[in-house]
Amino acid sequence: MVKLLTFKMLSGYTRPVVSIAKDVTCLIDTGADTPVWTQGRETLNDVFEAERVEGKKFILSGFGKEPEIVDVYNISNVVLNDNNGERLIFKNMTVACTIRPNMVAHLILPATAFSHMNYTIRNVGVESPVIEIECSKDVYFVNPVYSTLDDKFVERVYSFTNG
């Protein structure tokens, strides 16, 4: 059965940013393939109790700077609670961790995390902008794809369901 989740976009942003926890913002980035935590490891551990993945790195690019080699962390659960009490859970999410305090959001969720879902950004015909996500499961796993040239580097992530 497909369910529809609706997330109110936070005002003051020019991109689709939602709140996922107290004082934690999340950008739904339809052009990305890597989840990124932008507030450094200490905050990442405070919010999600994330675990560093030893011996693995991400090469981050596309942030207007030179590419940056950053640590890889695993978050056991990222929970998105919608406006109607429904929730979507991403399990075992692999994220790149950097310190970019001026980024638009704390967490960037890439399009690849939503590959088994439909999502729509509604700006017209609604009281305030929303993101609608249609999904058939409550839980999705988000796992890394390692580089074929050097398996210490995560190339991207993908989502899948269990069953």
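Refer to the preceding data block for the structure.
Below is a summary of the structure that appears in this document. (Residues numbered from 1 in each chain as written. Predicted model: local features only at pLDDT ≥ 70, side-chain atom pairs only at ≥ 80, totals over all residues. Heavy atoms only, no water.)

**A look at the environment of Met 1**
Rules: Labels follow the DSSP assignment, with helices taken as runs of H or I lasting at least four residues and strands as runs of E lasting at least two, numbered in each case from the N terminus. Three labels apply to residues, based on accessible area from a 1.4 Å probe with only protein chains included: buried if under 20% of the type maximum, exposed if over 50%, partly exposed otherwise in between. It only takes one pair of heavy atoms within 4.5 Å for two residues to be counted as in contact.
Structurally, Met 1 is set in the segment before strand 1 (3–8). You can call Met 1 exposed: its relative accessible area is 89%. Considered as a pair, Met 1 and Ser 136 are 135 residues apart in the sequence and their alpha carbons are 5.6 Å apart. Once residues lying within four places of it in the same chain are set aside, the contact partners of Met 1 are Cys 135 and Ser 136.

**Topic: the pairing of strand 3 (residues 24–29)**
Short version of the rule: Two strands pair if DSSP finds at least two bridges between them.
Taking burial as the measure, the six residues of strand 3 include five buried ones, the bulk of the element. Relative to strand 3, strand 2 (residues 17–21) runs antiparallel, the two being bridged by four bridges. Counted as the bridge partner of Val 18 is Cys 26 from strand 3. Joining the antiparallel neighbours strand 2 and strand 3 is a turn of two residues, in which Asp 23 adopts a positive phi near 60°. In this sheet, strand 8 (residues 107–110) lies alongside strand 3 in parallel orientation, the contact comprising four bridges. If you follow Asp 29 over to strand 8, its bridge partner there is Pro 110.

**A word on the pattern of salt bridges**
Charged atoms that come close allow side chains of opposite charge to pair. Short version of the rule: Salt bridge, as used here, is a side-chain nitrogen of Lys or Arg placed within 4 Å of a carboxyl oxygen of Asp or Glu.
Counting across every chain of the model gives seven salt bridges. Put simply, Lys 3 and Asp 138 hold a salt bridge, and the shortest N to O gap is 2.3 Å. Placement of the pair is Lys 3 in strand 1 and Asp 138 in the loop between strand 10 (130–135) and strand 11 (139–146), with a sequence separation of 135 residues. With a closest N to O distance of 2.5 Å, Glu 68 and Arg 100 form a salt bridge. In this pair, Glu 68 sits in strand 6 (residues 68–81) while Arg 100 sits in the loop between strand 7 (87–97) and strand 8, placing the two residues 32 residues apart along the sequence. Note on Arg 100: relative accessible area 9%, which makes it buried.

**Some words on the sheet that holds strand 10**
As a reminder, the rule being used: Orientation is described by axes fitted as lines to C-alpha atoms, over the contacting stretch for helices, and by angles from 0 to 180 degrees between their N-to-C directions.
Spatially, three strands are ordered 1-10-9 in an open sheet, and the strand pairing comes out antiparallel. Among the strands making up the open sheet, the edge pair consists of strand 1 and strand 9 (118–122). Neighbour-to-neighbour, the strand axes of this sheet turn through a mean angle of 20°, independent of strand direction. Of the strand pairs in this sheet, strand 9 and strand 10 are connected by five bridges, and their pairing is antiparallel. Paired with Tyr 119 across the strands is Ile 133, a residue of strand 10.

**Topic: the environment of Val 18**
Note on placement: Val 18 falls in strand 2. Between the alpha carbons of Val 18 and Phe 48 there is a distance of 17 Å; along the sequence they are 30 residues apart. When residues no more than four places from it in sequence are discounted, the contact partners of Val 18 are Phe 7, Lys 8, Met 9, Leu 10, Val 24, Thr 25, Cys 26 and Ile 131.

**Observations concerning the packing of aromatic side chains**
What counts, and what does not: Stacked, tilted and edge-to-face pairs are distinguished by plane angle, under 30 degrees for stacked and over 60 for edge-to-face with tilted covering the rest, among Phe, Tyr and Trp rings (Trp via its six-membered ring) whose centres lie within 6.5 Å. Charge-over-ring contacts are defined here by two conditions on Lys NZ or Arg CZ: a distance within 6 Å of the ring centre and an angle within 35 degrees of the ring normal.
Scanning all chains against the criterion turns up three aromatic pairs. Ring centres 5.4 Å apart and planes at 85° place the aromatic pair Phe 90 and Phe 114 in the edge-to-face group. On the criterion of sequence distance, the pair formed by Phe 90 in strand 7 and Phe 114 in the loop between strand 8 and strand 9 is long-range, its members being 24 residues apart. No difference in accessibility class separates Phe 90 from Phe 114, as the two residues are buried. Under the relative-accessibility criterion, Phe 114 is labelled buried at 2%. The rings of Phe 90, Phe 114 and Tyr 119 are connected pair by pair, giving a single aromatic cluster. Seen from the ring of Tyr 146, Lys 56 lies directly overhead, with NZ or CZ sitting 4.5 Å from the centre.

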